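# Chains, contacts and geometry: an overview
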Amino acid sequence: MAEKPHMNLAVIGHVDHGKSTFVGRLMFETGAVPAHLIEKYRAEAKEKGKESFAFAWVMDSLKEERERGVTIDISHKRFDTDKFYFTVVDCPGHRDFVKNMITGASQADAAVLVVAAPDGVMAQTKEHVFLSRTLGINQLIVAVNKMDAAEYSEDRYNEVKNEVSQLLGMVGFKADEVPFVPTSAFEGDNITESSSNTPWYTGPSLLDCLNDLKTPEKPDTLPLRIPVQDAYTISGIGTVPVGRVETGIMKKGQKVAFMPSGATGEVKSIEMHHEEVDQAVPGDNIGWNVRGIGKNDVRRGDVCGPAEKPPSVAEEFTGQIVVLQHPSAITVGYTPVFHCHTTQTACTLMSIDKKLDPKTGQVKEENPTFIKAGDAAIVTIRPTRPMCIEPVKEIPQLGRFAIRDMGMTIAAGMCMSVKDKQ
Ligand code: GDP
């Protein structure tokens with residue numbers, strides 16, 4: 001049987017609005033919690049005098065297992081629908097989510113935004129929606145959750161739906177194309193089946209919405225870009241860089257360049273899953289060998305591309321950034337580490353050109369003297385050593401970055417333009 005298409009799903013929303021419960025419920029109802037575990041919990045529940053086998057019991061037991069450090073299937077957070085298999089990637093708020101999203105470790109193809117009906121839009125709802133946009137998540141589904149705690153009120157549902165729609169519109173999502181579903185993750189309403197508690201709602205269940213997501217397109221018509229994760233020396237073969245094809249197609253015999261070093265050569269062999277292949281496409285993790293490339297020509301953070309259209313090396317670039325957290329103020333001269341594809345490069349803030357309204361993108365101030373947490377800005381950045389980066393409009397996969405300092409993600413951003421190094 002052909003493998004179903006895979007989707008990485010982010011679950012975002014304000015703390016306590018029900019994200020974990022939602023994921024647990026979805027896994028439970030799609031059969032992702034293994035039968036032997038359910039049996040075990042059923043038996044334990046009975047033993048402790050709990051006659052009804054409640055979903056809550058499963059959630060609690062899974063949580064306990066997690067806390068005891070037992071690795072069970074839920075830790076992979078994989079579940080299947082008719083059409084896709086999903087991996088639930090980290091939620092924002094978890095450590096390093098932003099960095100992982102940007103460097104591609106967990107690039108989400110779609111997100112479910114969980115908003116509790118009794119509370120409506122809260123601080124982190126806004127933050128996560130804005131961040132999703134910056135991180136390039138284009139497909140969104142909204143669960144208006146905890147409907148059981150809002151008396152399954154259609155009026156309340158519509159209020160929250162309007163509030164969220166406004167927010168989505170502000171950051172540039174087409175709100176009328178985003179599906180909204182009234183749910184109770186706790187009671188299981190409209191998660192996989194339509195609920196009699198919301199007779200006024202005739203739309204699809206959340207699972208139906210997941211099945212309606214579009215399969216992410218493989219960016220194989222863009223120029224070839226493979227950020228190098230590592231480079232090995234293998235006797236009898238030579239230097240073998242490894243990495244994941246982000247965009248384009250690499251074929252055996254093709255002439256490629258490694259930047260920033262500028263070393264070029266012909267692709268002699270491509271290997272994937274220990275087998276030789278003739279070409280590699282986006283998403284493929286490969287090792288490849290290039291005639292004439294030595295150990296010192298290629299290292300982690302370099303990018304491989306076609307010799308006739310090599311990856312850009314920035315002397316300077318402009319970026320649009322969102323400051324997520326910083327203990328004080330960020331000023332010109334600040335030199336934190338930029339994480340972009342597989343590179344980690346210290347870069348200096350040369351100028352703060354514009355301060356933007358983080359919700360609308362409108363210019364609030366020209367040449368501000370500083371920016372701080374919560375601000376968005378257009379800035380000019382100079383890498384302290386040669387670094388590959390591409391404008392997000394041309395090659396989105398190589399145009400996003402995270403700024404890290406003091407062990408935390410200070411900001412997320414995208415590259416707007418590059419001044420090439422000569
Ligand atoms: P997270 O922080 O967004 O992951 O939220 P949790 O899933 O941990 O849920 C926070 C609290 O809300 C827990 O006490 C849940 O039992 C409760 N909760 C989650 N979903 C629902 C729901 O649909 N209805 C009600 N009444 N409570 C819920």
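Position numbers for residues count from 1 along each chain, tracking the sequence in the order it is written. Residue-level local features of this predicted model are given only where pLDDT is at least 70; pairs of side-chain atoms are given and counted only at 80 or more, and the full residue set underlies all totals for whole chains, interfaces and linings. Excluding hydrogens and water, the side-chain values take into account all heavy atoms of the structure.

Each helix is a run of H or I in the DSSP string that is no shorter than four residues. Each strand is a run of E no shorter than two, and both are numbered from the N terminus. When its secondary structure is counted, the chain shows seven helices and 23 strands. Here the chain holds 422 residues, and 50% of them are scored as buried. Using the Shrake-Rupley algorithm and a 1.4 Å probe, accessible areas are obtained, with residue cover drawn only from the displayed protein chains. Element-wise, carbon and sulfur atoms account for 47% of the exposed surface of the chain, whose accessible area totals about 19,800 Å². The classification of residues rests on relative accessible area computed with a 1.4 Å probe and restricted to protein chains. Under 20% of the type maximum is buried, over 50% is exposed, and intermediate values are partly exposed.

In short, DSSP must find at least two bridges between two strands for them to pair. Reading across the sheet, the six strands line up as E2-E3-E1-E4-E5-E6 and stay open at both edges, with mixed pairing between neighbours. Each edge of the open sheet is held by one strand with a lone partner, namely strand E2 (78-80) and strand E6 (180-182). Within the sheet, the average angular offset between the axes of one strand and its neighbour, ignoring direction, is 25°. Here E2 runs beside strand E3 (residues 85-89); their pairing, made up of three bridges, is antiparallel. Bridged to Phe-79 within E3 is Phe-86. In this analysis, two residues are considered to be in contact whenever any of their non-hydrogen atoms come within 4.5 Å of each other. The angle between two axes is taken between their N-to-C directions and runs from 0 to 180 degrees, where each axis is a line fitted to C-alpha atoms and a helix contributes only its stretch in contact. Where helix H1 (residues 19-29) meets the sheet, it contacts strand E1 (6-12), E2, E3 and strand E4 (110-116), and its direction lies at approximately 145° from that of E1.

It is worth spelling out the pattern of salt bridges at this point. For salt bridges, the criterion is a side-chain nitrogen of Lys or Arg within 4 Å of an Asp or Glu carboxyl oxygen. What the rule picks out here adds up to 11 salt bridges. Across the pair Glu-246 and Arg-244 runs a salt bridge, and its minimum N-O distance is 2.8 Å. By relative accessible area, Arg-244 is classed as partly exposed at 23%. Beyond isolated ion pairs, a larger network of salt bridges with shared partners links Glu-315, Glu-316 and Arg-382.

Neighbouring residues of the ligand: 15 residues in total, closest Asp-16, Lys-19, Ser-20, Thr-21 and Asp-148. In this structure, His-17 approaches the ligand through a main-chain N or O atom, which is 3.4 Å from an oxygen atom. Polar contacts, as counted here, are pairs of nitrogen or oxygen atoms within 3.5 Å of one another; within protein the pair requires one atom able to donate a hydrogen and one able to accept it, and residues that are adjacent in sequence qualify only if both atoms are side-chain atoms. Side-chain polar atom of Ser-20 to an oxygen atom of the ligand: 2.6 Å apart, as the coordinates give it. Against a free-state accessible area of 570 Å², the protein chains account for coverage of 72% of the ligand. Of the residues assigned to the shell around the ligand, the class counts are four nonpolar, seven polar and four charged. Residue proximity to a molecule or strand is established when one non-hydrogen atom of the residue lies within 4 Å of it. Gly is put with the polar residues, along with every residue not named as nonpolar or charged; the nonpolar set is Ala, Val, Leu, Ile, Met, Phe, Trp, Tyr, Cys and Pro, and the charged set is Asp, Glu, Lys and Arg.

We call Phe, Tyr and Trp rings a pair once their centres come within 6.5 Å, taking the six-membered ring for Trp, and we label the pair stacked below 30 degrees between planes, edge-to-face above 60, and tilted otherwise. Inspection of every chain in the model, using the stated rule, returns eight aromatic pairs. Their ring planes at 15° and their centres at 5.0 Å tell us that Phe-79 and Phe-86 sit as a pair that is stacked. Between Phe-84 and Phe-86 the ring centres are 5.7 Å apart and the planes differ by 70°, which places this aromatic pair in the edge-to-face class. Pair check on accessibility: Phe-84 and Phe-86 agree, each one buried. Three or more aromatic residues joined by ring pairs make a cluster, and in this case those are Phe-79, Phe-84 and Phe-86.

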